[in-house]
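# Examination of the molecular architecture
One-letter residues, chain by chain:
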Amino acid sequence: MGVSIGIIGLAKSGKTTIFNALTRGKADMESPAAHLGMAKVPEPRLKMLASMLQPKKVVPAEANYTDIGASIKGLGKETGISGQLLNQLSSVDALINVVRAFSDESIPHIEDSLDVERDIATIDLELAFSDLAIIERRLEKIEISLKGAKPTESQGILREQERLMKIKADLEKDVPIREQRLTTDQARSIASYQFLTAKPMLIVVNIGEEQLPQAASLETELNLHYSRPKCRIITLCGKLEMELAQLNNEGAEAFRTEFGMVESGFDRTIKLSYELLGLISFFTTASEEVKAWSIHQDASAVKAAGKIHSDMERGFIRAEVISYPDLVKCGSLSEARKKGLLRLEGKNYIVQDGDVITFLFNV
Ligand SMILES: Nc1nc2c(ncn2[C@@H]2O[C@H](COP(=O)(O)OP(=O)(O)OP(=O)(O)O)[C@@H](O)[C@H]2O)c(=O)[nH]1
Ligand SMILES: [Mg+2]
């Protein structure tokens, strides 16, 4: 399973357009249903390994995108975002909030005017309402269970109550959970609630073609305002990116060069999502297949093995590891072995970005 990212935003902000750009999809813009799609994670080192090792198959890591379809404005006020929509949103690793900046008279804006900062605040508020509703309900249950609890049990319950009340108070002061300074332990203890404001968020400001020349300066300006923990903001022209995504690579490349666009919006968006999520890449080369995998930057070798197969995690013996630059220098694993550059690592080895790993395991 790759990472999963949910695309949210107000009505007609360009969610499906951005979704199509990211997944090279052709999802129906008129359909209000949720769209699911996959993107291959761009990884130049994978290409290099493939040309060097000439495997039968090259498999990039995958990122899953969900265009949730609905506008989330007004959903949170009374009971919080609920039902199927909440389930979908709760299960994603990160959110992309698409905010409209393109002007088009023929496409009405939900608020009848363009205002990027207002729209960002609206979404933040909806997500906060959703989290507050969950906390509210949990606090009620805690009250009840405290009445019947033995002294030995109540300590843990009181600790949870205190933590949730603190989070609630901060949320009410408009501080999303991702910006609340929780310790690793605290964050872990609330992870099962899958709070929406705890998720890393990439804000994609969807600009019109005519705004392209100002894209970079607009982005700099926005970043001054929104340099917050676990949140990044970029400008993209959704419509253009979607059209480029349908072209072949050379066509798109030529177009970008002509317009001075250095990197595709697609590459940037995925890269930033990865950064926000603290993900790194590692590679495997077994059975003539060169594969890229995504994993959290603090993950151990045995967890990395588990990404590939649960049997590998259970039967983990050790990992044979070489860094990407070392392997490139040697040209092949056998040459690297001769030079003594293959390291044997145990379960607790922390996987480094670019590691090329062979797992030894028994089942
Ligand atoms: N001019 C211009 N139009 C755009 C841009 N991005 C999206 N649009 C148009 O805006 C309309 C809405 O875009 P969608 O991608 O369907 O927006 P959405 O957020 O998915 O809309 P809903 O799912 O209906 O809430 C479509 O007609 C798009 O073609 C853009 O960058 N420039
Ligand atoms: Mg849509």
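First, a word on what this report is: a plain description of the structure on this page.

What counts as what
Residues numbered from 1 in each chain as written. Chains lettered and ligands numbered in written order. Predicted model: local features only at pLDDT ≥ 70, side-chain atom pairs only at ≥ 80, totals over all residues. Heavy atoms only, no water. Helix = DSSP H or I, 4+ residues; strand = E, 2+ residues; numbered from the N terminus. Rg over C-alpha atoms; globule rule 2.2 N^0.38 Å. Buried < 20%, exposed > 50% of the residue type's maximum accessible area, 1.4 Å probe, protein only. Areas by Shrake-Rupley, 256 points an atom, 1.4 Å probe, with all protein chains shown as cover. Lys, Arg positive; Asp, Glu negative; His and termini not counted. Charge placed at Lys NZ, Arg CZ, Asp CG, Glu CD. Phe/Tyr/Trp six-rings, centres within 6.5 Å; stacked < 30°, edge-to-face > 60°. Lys NZ or Arg CZ within 6 Å of the ring centre and 35° of its normal. Core = buried A, V, L, I, M, F, W, Y, C linked by side-chain atoms within 4.5 Å. Contact = heavy atoms within 4.5 Å.

## With respect to the overall build of the protein
If you tally the helices and strands in the protein, you get 14 helices and 12 strands. Taken against the 2.2 N^0.38 rule, which gives 21 Å for 363 residues, the C-alpha radius of gyration of the protein at 23 Å falls within 12% of a compact globule. The principal-axis extent of the C-alpha atoms belonging to the protein is close to 65 × 65 × 35 Å. Buried residues in the protein amount to 47% of all 363 residues. Counting only carbon and sulfur atoms, one obtains 53% of the accessible surface of the protein, whose full area is about 18800 Å². Side chains of the protein carry 45 positive and 51 negative charges; the gap between the two charge centres is 7 Å.

## Quick look at the packing of aromatic side chains
Following the criterion strictly, the structure yields 5 aromatic pairs and no others. Between the aromatic rings of Tyr-193 and Phe-195, the centroid separation amounts to 5.1 Å while the plane-to-plane angle is 20°, which identifies the pairing as stacked. Here Tyr-193 and Phe-195 have matching classes, each one buried. Summarising the aromatic geometry, the rings of Phe-282 and Phe-359 are spaced 6.3 Å apart at their centres and angled 85° between planes, so their arrangement reads as edge-to-face. With a gap of 77 residues between them, Phe-282 in strand 8 (residues 279-284) and Phe-359 in strand 12 (residues 356-361) connect regions that are remote in the sequence. Looking at Phe-282, the relative accessible area reads 0%, which means it is buried. For Phe-359, a relative accessible area of 9% gives the class buried. Here the aromatic residues Phe-282, Trp-293, Phe-316 and Phe-359 are joined through ring pairs into a cluster of three or more. Seen from the ring of Tyr-324, Arg-45 lies directly overhead, with NZ or CZ sitting 5.9 Å from the centre. Arg-100 extends its terminal NZ or CZ atom over the ring of Phe-102, reaching a point 4.3 Å from the ring centre.

## So, the nonpolar core
Grouped burial of nonpolar side chains is what soluble globular proteins tend to show. Core analysis: the biggest nonpolar cluster contains 45 residues, and Leu-89, Leu-127, Phe-195, Ile-203 and Val-205 have the highest contact counts within it. Elements with a minimum of two residues in this core: helix 3 (83-90), strand 5 (94-100), helix 4 (116-148), helix 5 (151-172), strand 6 (201-206), helix 7 (215-225), strand 7 (231-236) and helix 8 (238-246). Among the elements that make up this core, the one with the highest residue count is helix 4 (10 residues). Not counting the four nearest positions on each side in its chain, Leu-89 is found in contact with Ile-8, Ile-68, Ile-81, Leu-95, Leu-196 and Lys-199. Judged by nonpolar contacts, the second largest core, of 26 residues, contains Phe-19, Val-204, Leu-236 and Phe-266.

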